[in-house]
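These are the residues of each chain, in order.
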Amino acid sequence: MINFTATTKKPNEISSDALVVFLRQEETAPEEKIVNALCGGQIQKLRQSKDFLGEPTKVRTLFNVPGCPRVLLVGLGKTAELTLEKLREAASIATQTLKSLPATSASIILPKIPKTTAEETAQAICESLSLACYEFNHYKTGKKDKPKIENIEIIVSQKEKREAEKGLAFARILAGAVITARDLGNHPSNIATPSHLAEHALRIGKERKNIKIKILHKPEIKKERMGGLLAVSKGSDEEPKFIILEYLPKKPARRGGGSFPTVVLAGKGITFDSGGISIKPADKMEEMKYDMAGAATVMATIKAASELKLPINLVGLIPATENLPSGKAIKPGDIITSRSGKTIEVVNTDAEGRLVLSDALDYAKKYNPTLVVDLATLTGAIMVALGDDIIGAFTNAEKYLGPLKTAAKTTGEKIWPMPLEKDYEQFIKSDFADLRNIGTTRYGDSVNAANFLKAFVDYPWIHLDIAGVAWATREKPYRPKGATGAGLRLMIEFLKKFKK
Ligand code: BES
Ligand code: ZN
Ligand code: ZN
């Protein structure tokens, strides 16, 4: 991880390999004047010749600046259009340039953004830089994971320093958690098995004394009658695991004693989804190692929440298994009994996420939750509906949608409300059991899947279908190809402000 600090040094006092200054399309920022003077009026000349006008995504590198090897001018665009996300995008582009240079350190002048605190601005820069530097080189021999950029200092005023330091500390934890979630998603399924996820949880429990871990192994899963998880795991030689993480902080007496609200996070943990007997086509099947992205996000969210000391009870529930075909695998038409007692006709073994989640959602009732949020790479159909950058959000508790949207706006993650259409409930009625795991029509599968989950829920609940966003096949700012760690910053921001 990069080492971030806040400093009150002046731009001409730094000893880093690069000075980074964000420029707007208007020449109004005071730091522009200072840096312009420092580099002998070069910025003014660039503006006059229209070579550089502070447009978003544009970067210019200046040399021949006394006392500084190079100055990076990074466009922020128009002040009126400036948001934290625009700043993250600009910081990400600055990172790409820094990575291409022989530079291991940089000093960044903290820009001012309307209606935004120094804490938020510093956090956004630190978050974006850390995530833009992410590379998954675990299996490349000869390539070190060590980041090329080692030290970043954020230049702030004396007044901003404490706030900026708070933002940096917050971002360090957030970025660390996103990176963990990305790593888990990028590891291949021969490494990231259900047992590997369980070991990861146990390691979190060792590191964080206030998180309790319970792992249910196959005998306990049987005892719990988790018929969905058991059915999906039947075709695999890897044992299923049901992973429980509990972060239950004590409410201090001075805050009224009693207890905090309890939010349960359930994460789909299919470590490889071949489809089972209803096998998927070979093309892109290798990507199905990320079908445990929900599980990864849940584990990393709970660890980050504990590090941030969020005043909330958080429980993580992760049904983890592979979905493989074999002589022992579940077959289309098989009827199983889920933990709730409801029977399910498994018409398609590739609709396995809803089977394992049905057990987790039923188990969640134990905690008398204020709210349950599940994160799942549940349906290909959500990608057809919303593409690869928007999370589909289904809920039976509309009042949480506003806060969730606000959180998404802050973190730059995108959600869109989807309907739990009552009229479609008929499509998941089975002729032979209580429910069938796919609809009788092939349309609207994201809604059918959500309606299926709804049948196991008797509390306020949000279902986030992250199938589109959890894996990137194209590069985006601060998000390279592969597992994205999507939903993590959104969840932390949502939980930070959570009210009953
Ligand atoms: N894990 C998949 C959903 C998925 C697809 C995630 C593509 C990420 C990218 C899920 O288990 C699945 O296979 N769903 C089926 C459901 C169908 C059989 C009704 C699908 O979406 O095709
Ligand atoms: Zn599947
Ligand atoms: Zn799946």
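Refer to the preceding data block for the structure.
Residues numbered from 1 in each chain as written. Chains lettered and ligands numbered in written order. Predicted model: local features only at pLDDT ≥ 70, side-chain atom pairs only at ≥ 80, totals over all residues. Heavy atoms only, no water.

1. Examining the sheet that holds strand β4 (residues 71-77)
1) Next: An order of β1-β6-β5-β2-β4-β3 is seen for the six strands of this open sheet, with the pairing classed as mixed. Pairing within the sheet leaves two strands with one partner each, and these edge strands are β1 (3-7) and β3 (59-62). Strand-to-strand twist across the sheet, computed as the mean angle between neighbouring axes with direction ignored, equals 25°.
2) Next: Sheet topology note: the strand β2 (residues 19-24)/β4 ladder contains six bridges and is parallel. Note that in β4 the partner of F22 across the bridge is V74.
3) Next: Against the sheet, helix α3 (residues 84-100) touches β2, β3, β4 and β5 (105-109), its axis set at about 155° to β4. (Pairing = 2+ DSSP bridges. Helix = DSSP H or I, 4+ residues; strand = E, 2+ residues; numbered from the N terminus. Axes fitted to C-alpha atoms, helices over the stretch in contact; angles between N-to-C directions. Contact = heavy atoms within 4.5 Å.)

2. As for helix α1 (residues 30-38)
Since the α-helix advances by 3.6 residues per turn, residues separated by three or four positions end up pointing in the same direction.
1) Next: Along α1, the residues classified as buried are E31, E32, V35, N36 and L38. Down the axis of α1, the buried side of the element spans an arc of 155°, and every buried residue falls inside it. Of the exposed residues in α1, those oriented more than 90 degrees away from the buried face are P30, K33 and A37.
2) Next: Against β2, α2 (42-48), β4 and β5 lie the buried residues of α1. (Buried < 20%, exposed > 50% of the residue type's maximum accessible area, 1.4 Å probe, protein only. Arc of directions from axis to C-beta.)

3. What about the sheet that holds strand β12 (residues 334-337)?
1) Next: Read across the open sheet, the three strands follow the order β12-β13-β17; overall the sheet is mixed. Two strands in the sheet have a free side with no partner beyond their single neighbour: β12 and β17 (435-436).
2) Next: In the sheet, β12 pairs with strand β13 (residues 343-346) via four bridges, with the strands oriented antiparallel. Residue I336 lies in a different strand from β13, and its bridge partner there is I344.

4. Concerning the side chain of S274
1) Next: By the element assignment, S274 lies in the loop between β10 (269-273) and α9 (293-307).
2) Next: Here the side chain of S274 touches G276 through a polar contact of 3.0 Å, landing on its backbone nitrogen.
3) Next: In contact with S274, other than residues within four places in its own chain, are I279, K280, M285, N323, L324 and P325. (Polar contact = N/O pair within 3.5 Å; in protein donor to acceptor, adjacent residues only side chain to side chain.)

5. Points about the coordination of the zinc ion (ligand 2)
Metal coordination angles in their ideal form are 109.5 degrees for the four-donor tetrahedron and 90 or 180 degrees for the six-donor octahedron.
1) Next: For the zinc ion (ligand 2), the protein coordination sphere consists of D273 (OD), D350 (O), D350 (OD) and E352 (OE), at 2.0 to 2.2 Å.
2) Next: Between the six donor atoms coordinating the zinc ion (ligand 2), the angles at the centre fall across 70 to 167°, so the site counts as irregular.
3) Next: Motif for the zinc ion (ligand 2), donor spacing along one chain: D-x76-D-x1-E. (Donors = N, O, S within 2.8 Å, 3.2 Å for Na, K, Ca; no water. Tetrahedral: all angles 85-135°; square planar, octahedral: opposite > 155°, others 65-115°.)

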